[in-house]
Amino acid sequence: MSRFWKIALIVIAVIVVAVVGLRLLHKPAGAASAQAAGKGKDGADATPPVPVTVVPVVKQNVPVYLTALGTVQALNTVTVNPQVGGQLLSLDFTEGQPVKKGQVLAQIDPRTYQAAYDKALAQQHQDQALLSTAKSNLVRSQDLAAKGYISKQDLDTLRNTTAQYQAAVASDAASIRDSQVQLNYTKVVSPIDGLAGIRGVDPGNVVTTTSSIVTLTQLHPINVMFTLPEQNLDLVRTAASQEGAVLQVTALDRTDAHPIASGGVLKVIDNQIDTTTGTFRLKSEFPNSKNELWPGQFVNVQLLVNTVDGGLVIPAQAVQRGPDGDYVYQVQPDKTVKMQTVVIAGEVGDSHVMIGSGLKAGDEVVTEGQFRLKPGSKVNALKPGEVPAAPTAAELEKAKKNTKAGGRRH
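Residues numbered from 1 in each chain as written. Predicted model: local features only at pLDDT ≥ 70, side-chain atom pairs only at ≥ 80, totals over all residues. Heavy atoms only, no water.

A tally of helices and strands in the chain yields six helices and 22 strands. The 410 residues of the chain split such that 31% are buried. Residue pairs in contact within the chain that sit at least 24 positions apart in sequence constitute 74% of those at least 6 positions apart. (Helix = DSSP H or I, 4+ residues; strand = E, 2+ residues; numbered from the N terminus. Buried < 20%, exposed > 50% of the residue type's maximum accessible area, 1.4 Å probe, protein only. Contact = heavy atoms within 4.5 Å.)

On to the nonpolar core. When a protein is soluble and globular, its nonpolar side chains tend to lie buried together. By size, the foremost hydrophobic cluster in this structure holds 25 residues, and its most contacted members are Leu228, Val236, Leu293 and Leu303. Mapped onto this core, the elements with two or more residues apiece are strand 2 (58-74), strand 11 (222-229), helix 5 (233-241), strand 12 (248-252), strand 13 (259-274), strand 14 (279-286) and strand 15 (298-315). If you look at the next biggest cluster of nonpolar residues, it comprises 19 residues, including Val80, Val99, Leu105 and Ala196. (Core = buried A, V, L, I, M, F, W, Y, C linked by side-chain atoms within 4.5 Å.)

What follows covers the sheet that holds strand 4 (residues 86-91). Strand order in the open sheet formed by four strands is 7-6-4-9, with antiparallel pairing between adjacent strands. The sheet is open, and its two borders are formed by strand 7 (187-189) and strand 9 (206-207), each paired with just one other strand. Both strand 6 (residues 104-108) and strand 7 contribute to a ladder of three bridges, which runs antiparallel. Residue pairing across strands places Val104 opposite Val189, the latter belonging to strand 7. (Pairing = 2+ DSSP bridges.)

Below, the discussion takes up the packing of helix 3 (residues 111-146) against helix 4 (residues 152-184). Two elements in contact, helix 3 and helix 4, have axes whose closest approach is 8 Å; the angle formed by their N-to-C orientations is 160°. The orientation of helix 3 relative to helix 4 falls into the category roughly antiparallel. Between helix 3 and helix 4 the crossing geometry is left-handed. Looking at the contact of helix 3 with helix 4, its residues break down into 18 nonpolar, 14 polar and four charged. (Axes fitted to C-alpha atoms, helices over the stretch in contact; angles between N-to-C directions. Parallel < 35°, antiparallel > 145°, perpendicular 65-115°, else oblique. Left-handed = near helix turned anticlockwise from the far one by under 90°. Nonpolar A, V, L, I, M, F, W, Y, C, P; charged D, E, K, R; others polar.)

Looking along a regular strand, one sees side chains alternate from face to face of the sheet. Relative to strand 9, strand 4 runs antiparallel, the two being bridged by two bridges. Along strand 9, the bridge assignment pairs Gln87 with Val206. Relative to strand 6, strand 4 runs antiparallel, the two sharing three bridges. Counted as the bridge partner of Ser90 is Gln107 from strand 6.

So, on to the sheet that holds strand 3 (residues 77-80). Think of a sheet as strands paired side by side through backbone hydrogen bonds, with each pair either parallel or antiparallel. The strand order 3-10-8-5 describes an open sheet built from four strands, whose pairing is antiparallel. Each of the sheet's edge strands pairs with one partner strand only, and the pair in question is strand 3 and strand 5 (98-99). In this sheet, strand 10 (residues 214-217) lies alongside strand 8 (residues 194-196) in antiparallel orientation, the contact comprising two bridges. Of the residues in strand 10, the one forming a bridge with Ala196 is Leu216.

Moving on: helix 5. Within helix 5, burial applies to Leu233, Val236 and Ala239. Looking straight down helix 5, one finds its buried side chains confined to an arc of 140°; they lie on one side. Residues of helix 5 that are exposed and point over 90 degrees away from its buried face: Asp234, Arg237 and Ser241. Buried-residue contacts for helix 5 involve strand 2, strand 11, strand 13, strand 14 and strand 15. (Arc of directions from axis to C-beta.)

Throughout the structure, instances matching the rule amount to one aromatic pair. When the ring of Tyr327 is compared with that of Tyr329, the centres are 5.8 Å apart and the planes differ by 85°; the resulting orientation is edge-to-face. Each of the two residues, Tyr327 as well as Tyr329, counts as buried. (Phe/Tyr/Trp six-rings, centres within 6.5 Å; stacked < 30°, edge-to-face > 60°.)

Attention now moves to the side chain of Ser211. With respect to the helices and strands, Ser211 occurs in the loop between strand 9 and strand 10. At 3.1 Å, the side chain of Ser211 and the backbone nitrogen of Thr208 are in polar contact. Those residues in contact with Ser211, other than ones at most four positions away along the chain, are Val80, Asn81, Pro82 and Val201. (Polar contact = N/O pair within 3.5 Å; in protein donor to acceptor, adjacent residues only side chain to side chain.)

So, on to the side chain of Asp363. Here Asp363 lies in the loop between strand 20 (352-357) and strand 21 (364-368). Judged by its relative accessible area of 10%, Asp363 falls in the buried class. Looking at Asp363, its side chain comes within polar contact range of the main-chain nitrogen of Lys360, at 3.0 Å.

And the structure:
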């Protein structure tokens, strides 16, 4: 670069510095000090309060829940198999419909078993006739033996013959009962009250004792099985061991977590922990009067284990996450805010949390507008759903003047 251009650049820089210095020297001291302090031309605070939504810390009884994924399980599930073989004449139930205990579900051809029953009955009549004859001969022989006309050996033979026919009659009675049972089995009846599934055979087929006619499930009441981590075992056992304690269980939908069945109670805590998963199983029972639950269904489970009296509750959206843990913006009496560290003791429903420490009942915390705040910020505290009041004409004129004064060149 030539010497001429170097001198020209130096001269231009000197002129710029001189102009800036003159502007600073001629700037009014009052305006400069007021702007440095964040105030307007008239000394008033130029930064308006930040509108925020504020709610107080409330004290209420807080239920403590344990949540888990559960599976609905029928109280009883029965696969109905014939107890005798034969041709299936009819099915006397409707698939998917309720059946009652003792209701006839199917009819098997009974003719073979009826014949066996009739034969056993006839055999009993025959043996009863022989027994009657034997008894009569014994009575007559006893009279003749007293007179010496019959030997003692013949009398013993008659006694043994009578006993033999008595045993035959008793055996016939057992055969009749057995035949009656087999005949009754030709009518397949429901062993429980339940819901019939899809049939496994069709009428006209020959069934055996391994054939599955239908599966019945008992839905009233119904069970929900779920698991919890082993660290919750003492809490659950302690709650369940309280005198007269009945732990309440609620089933929630998997998608939006709304309750679909209530009134459940904890029935069983399993007697061992699964070493592969570190969890233990629990069984709950629901009345299921409206068939809200269905076998095999997945649900979210809430187990009520305790209720905290006088818990401190705030909306969950008031809690912020910082480098030192959770905190809230707490409103001070002078309408400024400070960052208050808090400890969360648990969730309360879907939208609130319980505070373990850091706040007391009646303290006000910010729930909306936190992104515009910093410690010491002035706030305009609004109730939930409330909006800031529209500025008055005087306030608009004042803001306009402040804007013009700040933009005027000196």
